Structure formats: structure tokens, C-alpha cells
Amino acid sequence: MLNRRLFIAAAVAGALLTPSFAQSDTVTIALDWTPNTNHIGLYVAEAQGFFAEAGLTVEILPYSDTSASTLVANRVADFGILGSLSLFLQRTAGGDLVATYALVQTETGRLVFNADRSDIQTPRDLDGLTYGGFGSAWENALIETIIRHDGGTGQFETVTLGTSAYEALANGAVDFTLEVYTWEGVKAELDGVPQRAFRYADYGVPDQHTNFIGSSQAYLDANPETASAFIQAVQRGYAFAVANPDEATDILMAANSDSLTDRAFVRASLQALIDGHYLRGSDGAVGTIQAEKIEAIGDYLMAAEILRDGDGKVLAERPDFSSYYSNQYLSETGATAH
């Protein structure tokens, strides 16, 4: 019998041969990582019956070695949690991806270093230091921008460590790294690991929606009513989580009791998402994708020569970034829930 990983690989290959969708009230959504507070609205919508009220049966696919964006683009999953970079890179290269819901209203990432580093006061002090990284071109462009914006040269050493970068930072093996404040940052605070940070948007990097819920245009065209019902139920789930954080925390943990065991941490992470106006913007927006943020980060990625076409060549002409997303599946009232 095929295991889960082989099944997904086989499904990807098969989807390339059968690209059409039949109208369906069963929806699958692929996670981008193991369950965490970024996903809380999905589990709330399921537990509170929002999906059922919309006439939907929703399956949350577990995180796998195949990225959610790849599963969606190849029509294995109907929806997926898409990182901003994945959306722009794969869509520009010809992947069938469309963002339909902004999970967060503002950037959750930050550049961090240990609080006792008196030699690091502003980003230009990072010149010549060692960065514990994750292996993407985006990181280099991001850090260079931050340092140069502060008057530095943007020259630093990189050691690719993946998630081991956080341990390396804590023990001083690297000088700085990048983290998601609402998860790794909150964990560091609870563990008593004092950090200081530079916020990207304070140093020349456009603010952005860090991640989205997205689908393929093929699925959206074939299932417009189902897509709307799903996204609006998701909106209700996230709005509920903001208004009822204790209950939402318990729902997320109950659905993932094997992987989420520290309630204080999960609850603190959700509170950080609420207090920072990530899940619900300061304007009350829940799920709304802001055109100016899409355009700004798209232009930034293009200027940094990160965007490439289907042949792997640096993009020569600016694409129409308005085609990368759609707000049409959101509830007009739910998009500004209070």
C-alpha cells in the first residue's frame, strides 16, 4: 500500500494528466507547515460548524515534503497555505496559483539577534557578521536592503542551517537570523531568551502579507460557489479566533494534540497575532488582500532579479501582479469584521 508521501507524489503526476475539476462541495487544503496558530481559523471553522453550515466537507491535508503551493498548482489540493515568496516565484514561472485570502495583514518576519550584542545597534553593524540562513535568494536581497538602507555595504557571511539557525543563534554560533515573530519570537520570549530585532519595513523592504490561502485558477473557474463558501467560512473562523482566543486555542490544540502540547505557548502566539493586528488589521480587515502590498513586494522582487520565467531566466518585463490574487471570494462584511 502506498504511504502518504508516495500517494501525494503519485497524485501530483496524475493531476498533470487530468487537469479539470468537477463541481464539488468537498474541499481539500494543504498546510505549509505543521499545525500552528497561522492555521487556527481552519480548525475553528471546522469545530464551530462554519464549514458544515456552508454545505462543505473540508479535509485539512497534513504537511508533507511536497509544498502546499506545488500541490495546489498541480491540482492535487484545492487550496493551500501559500508563502508570499512561493506565490510570486511559482506564479511568475507559469504555475497556476491565485491568492484568495491574506492570512496576515502585515509582515510577521523580522531580523533578530541576541539582546546582549552591544556591538549591534543598527543594521549597518551587521556588515561582516555571520547570518544563519535558510538558503533562498530572497534572504540575501532582504538583508542587503536592510543593511544598505542604514548606510552599510550589505556584506555578510552566510551559513545555511534551516531551522537549526535558532539554536545556533542562541548559543552564539551565528550572529543573526530571520524568524517569524509570532511563533519563534514568542517562543524565545517565553523561554527567557532575550532578543532584539529589526523590522523589515523600517529599513527599505516593502511590508507584505507574509502568507495566503490560495487556489488555482482552474479550480476557482470550475468551483466559484464552493470557493466563495469555503473562503467565507474561513473568514468566520479567523474572526472567531480573534474574538475568542481562549476557546480558539483549545480548539487548535484539541485537533492537534499529538504536535501541540504547550498551551501557554500556543495561547501567547495567538495573542501576538491579535495584538499586532496580523489576523485582523488595524482597519478591521480579515482576509483582505491589499493591492498596494502585492504591487510593492512584486516590484521589489523584480528589481532584486528574484522573479524568473518558466525557462529560469530573470524576468525582463513586469507582469500584471493584479492577476496574482483575488478578493472576490471574501465576504464583504466578514472582510472588515470587528
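Residues numbered from 1 in each chain as written. Predicted model: local features only at pLDDT ≥ 70, side-chain atom pairs only at ≥ 80, totals over all residues. Heavy atoms only, no water.

Asks: Lay out the pattern of salt bridges in plain terms, naming residues and giving numbers.
Replies: Scanning all chains against the criterion turns up 15 salt bridges. As a salt-bridge pair, aspartate 175 and arginine 117 come within 2.8 Å of each other at their nearest N and O atoms. Of the two residues, aspartate 175 is situated in the loop between α7 (165-170) and β8 (176-180) and arginine 117 in the loop between β5 (109-114) and β6 (130-133); the sequence distance between them amounts to 58 residues. One salt bridge in this structure joins aspartate 191 and lysine 187, with 2.7 Å as the shortest N-O distance. Overall, aspartate 191 belongs to the partly exposed group, its relative accessible area being 47%. The class for lysine 187 is partly exposed, based on a relative accessible area of 31%. (Salt bridge = Lys/Arg side-chain N within 4 Å of Asp/Glu carboxyl O. Helix = DSSP H or I, 4+ residues; strand = E, 2+ residues; numbered from the N terminus. Buried < 20%, exposed > 50% of the residue type's maximum accessible area, 1.4 Å probe, protein only.)

Asks: Now, about the environment of arginine 110: what can you tell me, with residues and values included?
Replies: Checked against the element boundaries, arginine 110 lands in strand β5. Residue class for arginine 110 comes out buried when judged on its relative accessible area of 16%. Along the backbone, arginine 110 and leucine 307 are 197 residues apart, and their C-alpha atoms lie at a distance of 22 Å. Not counting chain neighbours up to four residues away, the residues in contact with arginine 110 comprise Thr177, Leu178, Glu179, Tyr181, Gly185, Gln195, Ala197, Phe198 and Tyr200. Separated by 2.9 Å, the side chains of arginine 110 and glutamate 179 make a polar contact. (Contact = heavy atoms within 4.5 Å. Polar contact = N/O pair within 3.5 Å; in protein donor to acceptor, adjacent residues only side chain to side chain.)

Asks: Quick one: what's the story with the pairing of strand β1 (residues 26-30), residue by residue and with numbers?
Replies: The buried fraction of β1 is high, at 4 of 5 residues. Here β1 pairs with strand β2 (residues 57-61) via 5 bridges, running parallel. Directly across from threonine 26, in β2, lies its bridge partner threonine 57. Both β1 and strand β3 (residues 79-83) contribute to a ladder of 2 bridges, which runs parallel. Counted as the bridge partner of isoleucine 29 is phenylalanine 79 from β3. (Pairing = 2+ DSSP bridges.)

Asks: Go over the packing of aromatic side chains, please, and point to the residues and values.
Replies: Scanning the model with the defined rule gives 17 aromatic pairs in all. Where phenylalanine 88 meets tyrosine 324, the ring centres are 5.5 Å apart and the plane angle is 40°; that geometry is what we call tilted. Taken as a pair, phenylalanine 88 in helix α5 (residues 84-92) and tyrosine 324 in the segment after α13 (291-303) lie far apart in primary sequence, 236 residues in all. (Phe/Tyr/Trp six-rings, centres within 6.5 Å; stacked < 30°, edge-to-face > 60°.)

Asks: Tell me what's going on with the sheet that holds β6, and back it up with residues and numbers.
Replies: Pairing between the strands of a sheet is mediated by backbone hydrogen bonds and can be parallel or antiparallel. With respect to topology, 5 strands assemble into an open sheet ordered β7-β6-β8-β5-β9, the strand pairing being mixed. Every other strand in the sheet has two partners, leaving β7 (157-160) and β9 (195-198) as the edge strands with one partner each. This sheet shows a mean twist of 35° between the axes of neighbouring strands, independent of strand direction. Sheet topology places β5 next to β8; 4 bridges connect them, and they run antiparallel. (Axes fitted to C-alpha atoms, helices over the stretch in contact; angles between N-to-C directions.)

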